[in-house]
Amino acid sequence: MNVIASPRYTAFEGHRMLAAGPLAEVALAVKRALANQNGHALLVFQDGTGQQTDLDLSGDDAQIIARHTPPPNADAPTAEPDAADVAHVADAVPRGRGRPKLGVVPREVTLLPRHWDWLGAQPGGASVALRKLVEQARRENDARDQQRQRQEAAYRFMSSIAGNLTGFEEATRALYAEDRERFAQCIATWPHDVRAYAMSLAWAAPA
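The structure displayed is predicted, hence computed values, not measured ones.

Rules of the game
- Residues numbered from 1 in each chain as written.
- Predicted model: local features only at pLDDT ≥ 70, side-chain atom pairs only at ≥ 80, totals over all residues.
- Heavy atoms only, no water.
- Salt bridge = Lys/Arg side-chain N within 4 Å of Asp/Glu carboxyl O.
- Helix = DSSP H or I, 4+ residues; strand = E, 2+ residues; numbered from the N terminus.
- Buried < 20%, exposed > 50% of the residue type's maximum accessible area, 1.4 Å probe, protein only.
- Pairing = 2+ DSSP bridges.
- Axes fitted to C-alpha atoms, helices over the stretch in contact; angles between N-to-C directions.
- Contact = heavy atoms within 4.5 Å.
- Core = buried A, V, L, I, M, F, W, Y, C linked by side-chain atoms within 4.5 Å.

Asks: Before we move on, could you go through the pattern of salt bridges and cite the residues and values that matter?
Replies: Inspection of the entire model under this criterion finds 5 salt bridges. When the shortest N-O distance is used, the salt bridge between Lys 31 and Asp 61 registers 3.1 Å. Taken together, the residues span a long stretch of sequence, with Lys 31 in helix α1 (residues 23-35) and Asp 61 in helix α2 (residues 61-67) at a distance of 30 residues. Asp 61 sits in the partly exposed class, given a relative accessible area of 34%. Here Asp 56 makes a salt bridge to Arg 67, at a shortest N to O gap of 3.5 Å. Pair noted here: Asp 56 is in the loop between β3 (42-46) and α2 and Arg 67 is in helix α2, with a separation of 11 residues, a long-range link. A relative accessible area of 36% places Arg 67 in the partly exposed class. Connected via shared salt-bridge partners are Arg 148, Glu 152 and Arg 156.

Dropping the structure here:
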């Protein structure tokens, strides 16, 4: 059985990393830091997306933990059906009211007549052919999609915390040019924690 890891978060107090880990742990760390507030901004980012996350720190520690702990399997993705299984069910089960079988969701698709003609001539019909094409495209573009997501995550973080730091614009250009060496040069003077987190978001760890 696959275990779905819950998202992890990182909190910054100014340009210093305050805490990292599950949201509940980070929330408690932020609460304690607020009690000793020294004027620095406290920001929390979701690892992997770079998005800022708002916290509700009302109540005692137990309430904060409960509020920021996701329910079991909350992040588990819905299993995707195999194209052959879908085709088999589509042929064997009459169409009618009720929930679509195997998680299949009907939506409108607009194509030219020649596209419909080609799809209709494929084994299993248009729906199965479209699903196969989508899965093939996902596999072929997976690496590029992951890189784009990392770039967007790094840019969100940088915009929130490093927009006024020297080299921000140049670093942004290097980020989207996929120039890791240039990116590292542009952020070399940034505070260590900001620099390290930006690098971890922008590029996958070496294999």
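Asks: Give a description of the sheet that holds β3 that names residues and reports values.
Replies: In space, the 3 strands of this open sheet follow the order β2-β1-β3, with antiparallel pairing throughout. The sheet is open, and its two borders are formed by β2 (16-21) and β3, each paired with just one other strand. Sheet twist, expressed as the average angle between the axes of neighbouring strands with direction ignored, equals 20°. Note that strand β1 (residues 9-13) and β3 share 5 bridges and pair antiparallel. Its bridge partner lying in β3, Tyr 9 is registered against Gln 46. On the sheet, helix α8 (residues 192-202) packs against β1, β2 and β3 and is oriented at approximately 155° with respect to β1.

Asks: I'd like a description of unusual backbone geometry, backed by residues and values.
Replies: Positive phi, close to 60°, is recorded for Glu 178, a residue that is not glycine. With respect to the secondary-structure elements, Glu 178 resides in the loop between α6 (168-176) and α7 (180-186). Here Glu 178 falls in the partly exposed class, since its relative accessible area comes to 40%.

Asks: Quick one: what's the story with the nonpolar core, residue by residue and with numbers?
Replies: Phe 157, Met 158, Phe 183 and Trp 190 are the most contacted members of the largest nonpolar core, which totals 23 residues. Listed by contribution, the elements that provide at least two residues to this core are α5 (125-161), α6, α7 and α8. Looking at which element gives the most residues to this core, the answer is α8, with 6 residues. In contact with Phe 183, other than residues within four places in its own chain, are Met 158, Ala 171, Ala 174, Leu 175, Ala 198, Met 199, Ala 202 and Trp 203. Among the nonpolar cores identified, the runner-up in size contains 6 residues, and Tyr 9, Val 26, Val 30 and Val 44 belong to it.

By themselves, these are just geometric observations and shouldn't be taken as functional.
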